[in-house]
Amino acid sequence: MVKVKTNNKVTVKKNPVAEFFISYPAVAIIIALVVSFSVLSPAFLTVGTFQIAMKGNAYLLIAAIAETLVIMTGGIDLSVSTVMALSAVLACLYMDFAGAGVASIVVGLLIALAIGVVFGLFNGVFVGYLGMQPFIVTMGTRLIALGVAKALTKSVAVPGPTAMVYFGFDYKAGIPTVFILSVIVLLVMAVWFKQSKWGRELILFGANKESARYCGIHVKKVEASAYTMAGLLSGLAGFFTIIVLGVGQPTIGDSNLLTIIGAVVLGGTSMDGGEGSVARTFIGISLLALLTAGLNAMAIPYTTQMVIEGLIIFIGYGLSVNVTAKSSSAVK
Amino acid sequence: MKKRVLAAALCAVMVLGVVGCSSSTTTEETTEAATETATEAATEVVEEATEAAGSASDLTIGISIDQLFDSRVATVMGLEDGLEAAGVTDIIELVADGDAQTQNDQVNQLINQGVDGLLICPVDLNTIETALIAADAAGIPVVLYDRDAPDSENVITAVSCGAYDDGYQGGEYIANVLAEMDLDSYVIADLKGPDSDDVGVQRSAGFNAAITEILGDKATVLTVETGAWDTATATANFQSTLQANPEICAVFCGTDSFIPGVETVLTDAGRMISVGEEGHVVITGINGSLEGYEAVVNGIADGTVVMDCPNTGIIAAEALLGYLVDGTTPERTIIVPSVFYTGDDIEANADSIWGVMDLSLSYQ
């Protein structure tokens, strides 16, 4: 940003590149990581590395979008990952029972979505309408979903339909098809979020609940709808796990929650609500995916990986809090 | 503005530094420096020792480890010994830390790096299948070690310790000791591994088969869930089971790691009586870890099934190299037998028990 004095006026010339990196500081880290890994490991900068990262994170992207919606309200949803797991398990159990076929897969998808909606609606009613703490409510639903998923399967992954397994190996122009589908979901959500009245209400609600109420927004409904939508997307993410992993994995929710929340926050969505976007979440997921891919390409021991990932989260979060926040206040 | 850009630049430098530093302390440089000297001296010997060494030394082998704990470290060290003895120096190891999806990504990464063969211990026997399909499609042979994926057609062999037989040996010992007591009924606790782990399932199945075979209807087996081999869960659940069933006279521990928890619970309940004394609760374990060995030596447990972890690793490595170098296709399943030791013979055989050996736990 350059200040130019012309007679009595002060006009501000913005450097678009600098502005971009200030708005999306995680992108700077991504570039630094790609450069670092490319220099340090010849195995990193290959098409295969990026294909693996895209495929492996396709469902996490959708789950992270779900989490973004809730975090934008200033809340948190701890049940996203286990609802994802339960949806996948129930869909697989049905598809296993019903046998191979398109109709079976379609019904499996509907089951996954329905499970997500049920849990999301439950969270939404308790948080939005009954005013209960999101952390506690979603911790409860997290455990319920996890318990049911494990009880139904005895913690054994349920094999998915062969057609879905092989669909996971499908590529369009070198890009995993499942990742393309995830990006389509991302684009739909981004456009809807930006263009719809609901999206604007959600942002205002997250920024200032009282103001939103005085503006005539039905705040309870808006908050409940965010959790419900998050549930729906969690169900969809669960269906995508079947494509990526080839199974309905009941334990997948155990390990992915922190990755999902980490990606949202690293992308720059504020935990206080009111600021963020699904595009930022895409950046956060990309950062974590490339970090893991690079560390694996270098065969870094996993304990060292944990330390590095922790440091990167500190750096990324520090950047998003300080650089972006100062930029926002400077603009104000 | 300049400050903010500077801050961003500094952070970028830090990222470069973090990643760069980690690499310098880990794999290539250190390994190369260390192996250069050792390899120079050993090369001649190795070349003469094995005919396969000439071609095996050109191979890159990927090892996918489900999770690191004592017995797995022993097996992986066996894998390394087997590979290095044949002249393989290019070994890439990745640890999934118990996460099935992470393991699939890591196996795909190893395929992407162009490894010639894969040695995998699957986290989950079903989830690993997509990674095995990818390896098969890339023409990379896979040998599973320690844990089988029985339904998979995409592996050349699985080398493991024979979980069913291990469980049977533990059950057979308990049943024989109890049979000598000649009681009307016997209540036995089975601290079993998770259903998602074929090893846990098979050990429990083997144990139950032996009990039924020897004690018949007189025996009642109470299954105690232990989560994912979690000692805290095992201890808590066993405590509840013992409170509800104080007549428990024997405990089968699916792994030696459960023995200290069982000892604590029995001590709290005033039931911890040493082996050979009146009122002793019969306890057996499986593994061969140091804690299992010490429990038997100290008279807490009656015996433990000692797995041959190092040999399992060596045999798995040899099976893969045999396939790659000589084109030898091994049996679909290779069982490495375990040995049941009691307080009478465990100390005399300490040299052959991996948990007592001087294993350098160098894995991170």
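Conventions used here
- Residues numbered from 1 in each chain as written.
- Chains lettered and ligands numbered in written order.
- Predicted model: local features only at pLDDT ≥ 70, side-chain atom pairs only at ≥ 80, totals over all residues.
- Heavy atoms only, no water.
- Helix = DSSP H or I, 4+ residues; strand = E, 2+ residues; numbered from the N terminus.
- Buried < 20%, exposed > 50% of the residue type's maximum accessible area, 1.4 Å probe, protein only.
- Contact = heavy atoms within 4.5 Å.
- Areas by Shrake-Rupley, 256 points an atom, 1.4 Å probe, with all protein chains shown as cover.
- Rg over C-alpha atoms; globule rule 2.2 N^0.38 Å.
- Lys, Arg positive; Asp, Glu negative; His and termini not counted.
- Charge placed at Lys NZ, Arg CZ, Asp CG, Glu CD.
- Arc of directions from axis to C-beta.
- Polar contact = N/O pair within 3.5 Å; in protein donor to acceptor, adjacent residues only side chain to side chain.
- Salt bridge = Lys/Arg side-chain N within 4 Å of Asp/Glu carboxyl O.
- Pairing = 2+ DSSP bridges.
- Axes fitted to C-alpha atoms, helices over the stretch in contact; angles between N-to-C directions.
- Disulfide = S-S within 2.5 Å.
- Core = buried A, V, L, I, M, F, W, Y, C linked by side-chain atoms within 4.5 Å.
- pLDDT = per-residue confidence, 0-100.

Caption draft 1: Spotlight on the overall build of chain B. Per the secondary structure count, chain B includes twelve helices and twelve strands. The buried share of chain B, taken over its 364 residues, is 52%. Contacts in chain B between residues at least 24 apart in sequence constitute 74% of all its contacts with a sequence separation of at least 6. Per element, the accessible surface of chain B, about 15,200 Å² overall, is 50% carbon and sulfur.

Caption draft 2: Looking closely at the overall build of chain A. Each helix and strand counted, chain A has 15 helices and six strands in total. Rg of the C-alpha trace for chain A: 21 Å, near the compact-globule value of 20 Å for 332 residues, within the 12% margin. Along the first, second and third principal axes, the C-alpha set of chain A runs to 80 × 55 × 35 Å. A total of 332 residues make up chain A; the buried ones form 55% of that total. Contacts spanning at least 24 positions in sequence make up 76% of the contacts within chain A whose residues lie at least 6 apart. For chain A, the accessible area works out to roughly 14,000 Å², and carbon and sulfur atoms hold 70% of it. Counting 20 positive and 12 negative side-chain charges, chain A places the averaged centre of each group 10 Å from the other.

Caption draft 3: Quick look at helix α1 (residues 16-23) of chain A. All names here are of chain A. Taken together, the buried positions of α1 are Ala18, Glu19 and Ile22. What you see down the axis of α1 is that its buried residues fit within an arc of 100 degrees, all on one side. The outward face of α1, more than 90 degrees from its buried face, is lined by the exposed residues Pro16 and Val17. N-capping of α1 is provided by Asn15, with a side-chain oxygen placed 3.0 Å from the backbone N of Val17.

Caption draft 4: Quick peek at the pattern of salt bridges. Residues and elements named next belong to chain B. Within the structure shown, the criterion is met by eleven salt bridges over all chains. For the salt bridge of Arg72 with Asp146, the shortest nitrogen-to-oxygen distance reads 2.5 Å. Note that Arg72 is positioned in helix α4 (residues 70-85) and Asp146 in the loop between β4 (142-145) and β5 (157-160), a separation of 74 residues in sequence. Asp146 matches Arg72 in its accessibility class, with the two residues each being buried. Connected via shared salt-bridge partners are Asp66, Arg72, Asp146, Arg147 and Asp197.

Caption draft 5: Main features of unusual backbone geometry. One non-glycine residue with positive phi stands out, namely Ala173(A), at about 55 degrees. Within the secondary structure layout, Ala173(A) lies in the loop between β4 (171-172) and β5 (175-176). Its relative accessible area of 84% is what places Ala173(A) among the exposed residues. Of note, Asp182(B) is a non-glycine position whose phi angle comes to about 55 degrees, a positive value. Within the secondary structure, Asp182(B) sits in the loop between α7 (163-181) and β6 (186-192).

Caption draft 6: Local environment of the sheet that holds strand β2 (residues 90-95) of chain B. Residues and elements named next belong to chain B. Read from one edge to the other, the open sheet built from six strands follows the order β2-β1-β3-β4-β5-β11, with strand pairing classed as parallel. Strands at the two margins of the open sheet, each flanked by one partner only, are β2 and β11 (333-335). Each neighbouring strand pair of the sheet contributes to a mean axis angle of 20 degrees, computed without reference to strand direction. Bridge analysis of strand β1 (residues 60-65) against strand β3 (residues 117-120) gives four bridges, and the strand direction is parallel. Across the sheet, the residue bridging to Gly62 is Leu118, located in β3.

Caption draft 7: Local environment of the state of the cysteines. All names here are of chain B. All chains considered together, the criterion is met by zero disulfides over all chains. With no disulfide of its own, Cys249 lies 14 Å from the sulfur of Cys253, the closest cysteine sulfur. What makes Cys249 buried here is its relative accessible area of 12%.

Caption draft 8: Quick peek at the nonpolar core. By size, the foremost hydrophobic cluster in this structure holds 81 residues, and its most contacted members are Leu69(A), Leu233(A), Ile242(A) and Leu287(A). When residues of this core are assigned to their parent elements, the largest contribution, 15 residues, is made by helix α12 (residues 219-245) of chain A. Among residues more than four places away in sequence, those in contact with Leu233(A) are Ile62(A), Ile65(A), Ala66(A), Leu69(A), Val185(A) and Met189(A). Among the nonpolar cores identified, the runner-up in size contains 28 residues, and Val224(B), Ala234(B), Ile248(B) and Val262(B) belong to it.

Caption draft 9: Just the environment of Val117(A), in detail. Residue and element names in this part refer to chain A. With respect to the secondary-structure elements, Val117 resides in helix α6 (residues 102-129). Residue Val117 is classed as partly exposed on the basis of its relative accessible area, which comes to 29%. Remark: the alpha-carbon pair of Val117 and Met229, spanning 112 residues in sequence, is separated by 7.2 Å. Filtering out sequence-adjacent residues up to four positions away, Val117 remains in contact with Thr228, Gly231 and Leu232.

Caption draft 10: Quick look at the sheet that holds strand β9 (residues 282-287) of chain B. All names here are of chain B. Taking strand neighbours across the sheet as the criterion, the six strands line up as β7-β6-β8-β9-β10-β12 in an open arrangement whose pairing is mixed. Pairing within the sheet leaves two strands with one partner each, and these edge strands are β7 (219-225) and β12 (339-342). Within this sheet the neighbouring strands show an average axis-to-axis angle of 20 degrees, counted without direction. Where β6 meets strand β8 (residues 248-253), five bridges bridge the pair, whose relative direction is parallel.

Caption draft 11: Molecular detail of the environment of Ser277(A). Residues and elements named next belong to chain A. Note on placement: Ser277 falls in the loop between α13 (252-267) and α14 (278-297). In this structure, the C-alpha to C-alpha distance between Ser277 and Gly267, residues ten residues apart in sequence, is 8.6 Å. Those residues in contact with Ser277 that lie beyond four places of it in its chain are Thr68, Met72 and Thr269. Separated by 3.1 Å, the side chain of Ser277 and the backbone nitrogen of Arg280 make a polar contact.

Caption draft 12: Just the confidence of the model for chain B, in detail. Residue and element names in this part refer to chain B. Summarising the model, chain B shows a mean pLDDT of 85, and 83% of its residues fall at 70 or more. Averaged pLDDT values for the elements of chain B fall to 38 in helix α2 (residues 28-49) and rise to 98 in β3. A low-confidence stretch, residues 5-16 (pLDDT under 50), is modelled with 14 contacts involving residues beyond four sequence positions or located in other chains. Counted against residues more than four places away or in other chains, residues 18-53, with its pLDDT under 50, gives 35 contacts.

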